[in-house]
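# Structural features, examined
Spelled out, the chains give:
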Amino acid sequence: GQQVMQIPQYQHVQEGEDFTTYCNSSTTLSNIQWYKQRPGGHPVFLIQLVKSGEVKKQKRLTFQFGEAKKNSSLHITATQTTDVGTYFCHGNQFYFGTGTSLTVIP
Amino acid sequence: ETGVTQSPTHLIKTRGQQVTLRCSSQSGHNTVSWYQQALGQGPQFIFQYYREEENGRGNFPPRFSGLQFPNYSSELNVNALELDDSALYLCASSPTENYGYTFGSGTRLTVV
């Protein structure tokens, strides 16, 4: 099946630092979705991007969709302990990315 | 909104047995997908149903099968259970095929 890679796999940051995860697809995506999964929980939908070059913001979170619609990023400004979890991108209807696990050190 | 409900929450089965997991989709959602998530891994796509028809299938053997009912609830059946089938099984529903999914809390299956 299709593979959507995410980097980094793990990220440890001090509280207050910024965090970015990148999602890369080998094929063009019709849309991309981002999810957050807290430890022991289930994925929770954050946002969907559809247009080439689209940028959306949710408070401290900024989501971008690449011009070629093959990559995307999620940037968190000034991380908080509540941001802890694994962030997944989800492209082309079925497949999740490999995920980035974020640890925030108080 | 009632959200997505999965049952049971936990299950222990013996290798070789069969299991049925159930999912009640969020009201108004006609698309349901099932995922398998092993510990420390990302969700792996099993299959998707749209208006009672299978709409896509991941790289899982035929002993993984499913159904979606007219009320859009669904079930996942796994035959001839293997130890590696131990995982969290997640059901997710969506109002259309290309929209954000609402996930249930999952069924934790342990095969011994």
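Look above for the structure.
All values reported here derive from a predicted model rather than from experimental measurement. (Residues numbered from 1 in each chain as written. Chains lettered and ligands numbered in written order. Predicted model: local features only at pLDDT ≥ 70, side-chain atom pairs only at ≥ 80, totals over all residues. Heavy atoms only, no water.)

### Remarks on the packing of aromatic side chains
Taken as a whole, this structure holds 14 aromatic pairs over all chains when the rule is applied. With a centroid separation of 5.9 Å and 40° between ring planes, the pair formed by B:Tyr35 and B:Phe103 is classed as tilted. Taken together, the residues span a long stretch of sequence, with B:Tyr35 in strand β4 (residues 31-37) and B:Phe103 in strand β10 (residues 102-103) at a distance of 68 residues. As far as the burial class goes, B:Tyr35 and B:Phe103 line up, both buried. Three or more aromatic residues joined by ring pairs make a cluster, and in this case those are A:Tyr35, A:Phe45, A:Phe88, A:Phe94, A:Tyr95, A:Phe96, B:Tyr35, B:Phe45 and B:Phe103. (Phe/Tyr/Trp six-rings, centres within 6.5 Å; stacked < 30°, edge-to-face > 60°. Helix = DSSP H or I, 4+ residues; strand = E, 2+ residues; numbered from the N terminus. Buried < 20%, exposed > 50% of the residue type's maximum accessible area, 1.4 Å probe, protein only.)

### Quick notes on the state of the cysteines
For the coordinates displayed, the defined rule picks out two disulfides over all chains. Here A:Cys23 engages in a disulfide with A:Cys89; their sulfurs sit 2.0 Å apart. On the sign convention where negative means left-handed, the S-S torsion of about 70° between A:Cys23 and A:Cys89 marks this disulfide as right-handed. Of this pair, A:Cys23 sits in strand β3 (residues 19-25) while A:Cys89 sits in strand β9 (residues 85-91), and the two are 66 residues apart along the sequence. On the accessibility criterion, A:Cys89 (0% relative accessible area) is buried. Sulfur-sulfur distance for the disulfide between B:Cys23 and B:Cys91 comes to 1.8 Å. Handedness here is read from the sign of the S-S torsion; for B:Cys23 and B:Cys91, about -60°, the answer is left-handed. Of this pair, B:Cys23 sits in strand β3 (residues 19-24) while B:Cys91 sits in strand β9 (residues 87-94), and the two are 68 residues apart along the sequence. By the burial criterion, B:Cys23 is buried, and B:Cys91 matches it. (Disulfide = S-S within 2.5 Å.)

### Comments concerning the pattern of salt bridges
Taken as a whole and judged by the stated rule, the model has five salt bridges over all chains. Residue A:Asp83 is joined to A:Arg60 by a salt bridge in which the shortest nitrogen-to-oxygen separation is 2.9 Å. One end of the pair, A:Asp83, is in the loop between β8 (71-76) and β9; the other, A:Arg60, is in the loop between β6 (55-58) and β7 (61-65), and 23 residues separate them in sequence. Judged by its relative accessible area of 5%, A:Asp83 falls in the buried class. Under the relative-accessibility criterion, A:Arg60 is labelled partly exposed at 23%. Put simply, B:Asp85 and B:Arg63 hold a salt bridge, and the shortest N to O gap is 2.8 Å. Of this pair, B:Asp85 sits in the loop between β8 (74-78) and β9 while B:Arg63 sits in the loop between β6 (53-57) and β7 (64-68); the two residues are 22 residues apart in sequence, bridging distant segments of the chain. (Salt bridge = Lys/Arg side-chain N within 4 Å of Asp/Glu carboxyl O.)

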